[in-house]
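# Residue-level structural notes
Here is how the chains run, residue by residue.
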Amino acid sequence: MADTVRIGVVGAGSISVRGILPHLGLPDLAGRVTLAAVCDPVAGRAEAAAQKFGVERAFTEYEDLLARGDVDAVTIASPIGLHYEQGKLALQAGKHVHFNKTMTITVAEATELIELAAANDLRIVASPGEMLRPHHVRTRELIADGAIGTLSWVSCGAAFGTYHENESVRGGSDVLSNIDPSWYFRKPGGGPMYDMTVYALHTVTGILGPAKRVTAMSGVRIPMRGNVETDADDNTIVLIDFGDNLYCVATGTAAGPIRGGFGGAYYGTEGTIDGLLLNGEPFDFPDRNPSELAPRGPGNQALLPHVTGAHRDIEEQHVYEDVMQLVDWVREGKPSIVTAEHARHVIDIIESAYQASATGQTQDLTTTF
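Everything in this summary refers to the structure shown in the same document.

Parameters and conventions
Residues numbered from 1 in each chain as written. Predicted model: local features only at pLDDT ≥ 70, side-chain atom pairs only at ≥ 80, totals over all residues. Heavy atoms only, no water. Salt bridge = Lys/Arg side-chain N within 4 Å of Asp/Glu carboxyl O. Buried < 20%, exposed > 50% of the residue type's maximum accessible area, 1.4 Å probe, protein only. Axes fitted to C-alpha atoms, helices over the stretch in contact; angles between N-to-C directions. Helix = DSSP H or I, 4+ residues; strand = E, 2+ residues; numbered from the N terminus. Parallel < 35°, antiparallel > 145°, perpendicular 65-115°, else oblique. Left-handed = near helix turned anticlockwise from the far one by under 90°. Contact = heavy atoms within 4.5 Å. Nonpolar A, V, L, I, M, F, W, Y, C, P; charged D, E, K, R; others polar. Pairing = 2+ DSSP bridges. Patch = residues over 30% accessible without salt bridge, like charges linked within 9 Å, V, L, I, M, F, W, Y side chains within 5 Å. Areas by Shrake-Rupley, 256 points an atom, 1.4 Å probe, with all protein chains shown as cover.

### As for the pattern of salt bridges
- Applying the stated criterion across every chain, the model contains 19 salt bridges.
- Linking Arg123 and Asp121 is a salt bridge whose minimum nitrogen-to-oxygen distance equals 3.1 Å.
- Of the residues examined, Arg123 reaches a relative accessible area of 22% and is grouped as partly exposed.
- Ionic pairing is found between Arg288 and Asp284, a salt bridge with its closest N-O pair at 3.5 Å.
- Arg288 sits in the partly exposed class, given a relative accessible area of 22%.

### Quick word on the packing of helix H6 (residues 134-144) against helix H7 (residues 192-208)
- Where H6 meets H7, the axes come as close as 9 Å, and the angle between the chain directions of the two elements is 40°. Considered as vectors, H6 and H7 are oriented oblique to each other. For the pair H6 and H7, the sense of crossing is right-handed. Between H6 and H7, the residues in contact are His136, Thr139, Arg140 and Ile143 and Thr203, Gly206 and Ile207, respectively.
- By residue class, the composition of the contact of H6 with H7 is 2 nonpolar, 4 polar and 1 charged.

### As for the pairing of strand S11 (residues 235-241)
- Taken together, the 7 bridges between strand S8 (residues 213-219) and S11 define a ladder with antiparallel strand orientation. Bridging from a neighbouring strand, Ser218 pairs with Thr236 of S11.
- Taken together, the 6 bridges between S11 and strand S12 (residues 247-253) define a ladder with antiparallel strand orientation. Bridge pairing in S12 links Val238 to Ala250.
- Counting the residues between successive antiparallel strands, the hairpin from S11 to S12 contains 5 residues, one of them, Gly243, with a positive phi of roughly 90°.

### Some remarks on the sheet that holds strand S2 (residues 33-39)
- Taken together, the 6 strands give an open sheet; going across it, the order is S3-S2-S1-S4-S5-S6, and neighbouring strands pair in parallel fashion. With one partner strand each, in any of the chains shown, strand S3 (57-59) and strand S6 (124-126) form the two edges of the open sheet. Direction aside, neighbouring strands of the sheet carry axes that sit 20° apart on average.
- In terms of strand pairing, strand S4 (residues 73-76) meets strand S5 (residues 96-99) through 4 bridges, oriented parallel. Residue pairing across strands places Ala73 opposite His96, the latter belonging to S5.
- Contacts from helix H1 (residues 14-24) reach strand S1 (5-10), S2 and S4 within the one sheet, and its direction differs from that of S1 by about 170°.

### Details of a nonpolar patch on the surface
- Together, Trp153, Leu239 and Tyr247 make up an exposed nonpolar region whose accessible area comes to about 260 Å².
- Take Trp153: it is sitting in strand S7 (residues 151-159).

### Considering unusual backbone geometry
- Cis geometry is found at the peptide bond from Lys101 to Thr102, where omega equals -10°.
- Mapped onto the elements, Thr102 comes out in the loop between S5 and helix H5 (107-119).
- Its identity is not glycine, yet Asp121 carries a phi of approximately 55°, on the positive side.
- As for its position among the elements, Asp121 is in the loop between H5 and S6.
- Of note in the backbone geometry, Asp287 takes a positive phi value of approximately 70° without being a glycine.
- Position of Asp287 among the secondary structure elements: in the loop between strand S16 (281-282) and helix H8 (317-332).

If you want it as structure tokens, here you go:
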């Protein structure tokens, strides 16, 4: 139990300057959260972020944040390929951890972190907490109640497009607006599966439960992004078997969205659930505002327990929500449904998909949640 959770923000890149730091710096969190430290290896970036968002200490080296930042917990917002090592160091230093997606690259890495946290009585919250959204919970209930008959199959996924190149924090003239997106296209940890399709996989497994096996085709479709060579697969199609002949097609592609997107489209013998629509008409769920059907931004999709007031007008509300899940767990002993075990299962799907593509053999999944 703690009165105020002192948080260190690991990385002052896009997700931090657009979302984490603005949210955690709002005055409504006084007494619950303190922005104690921020670190970033780019010269001057952590200092600029600390000055802009009122963070107590700024560091260039992550190890210095852990040693001298006086933090109880960290939110790891660095490139995905760094998450495992940074998470391990935090847990070894006695810090609770929020992982921005994706927690790790491999199941083995995720298992090591889960076991390390348990051994040290520390908490892990691993984004994205898609099942905190009331419409996803209602979708699960509708399917279980037979609202669309017998569920046949599901489609979900995401596409890179030019999203990362065009973010507001790219191409500017200072360290907080000229953030390099190159890592999104490079191994380890780059590509749309780890970065974007992870949302869809958390949603679909949250609604349907753990998957059984996967097969996939995957490769690089866009070999260059500007002057950056793409070596992380950017065009992946996955077939997921949930058992009893129930299948899901999940995509992580260079371009072109699939129906269902992050939330999934669920096709049954008597109807379809697609986003907030049941057979083409809005379905009801707690706190739904009939006038707000936009898929992004303030509105029904942003309905999350802590996203109130000014937080609804700041980007990346879901990341803020997941950080607050950790805060509540540390302060009040209130466990979160945004678990490392669920994140590990999604990592299992992604890692196994790449293995299936490389070998031409369907892969059995080894995890559950």
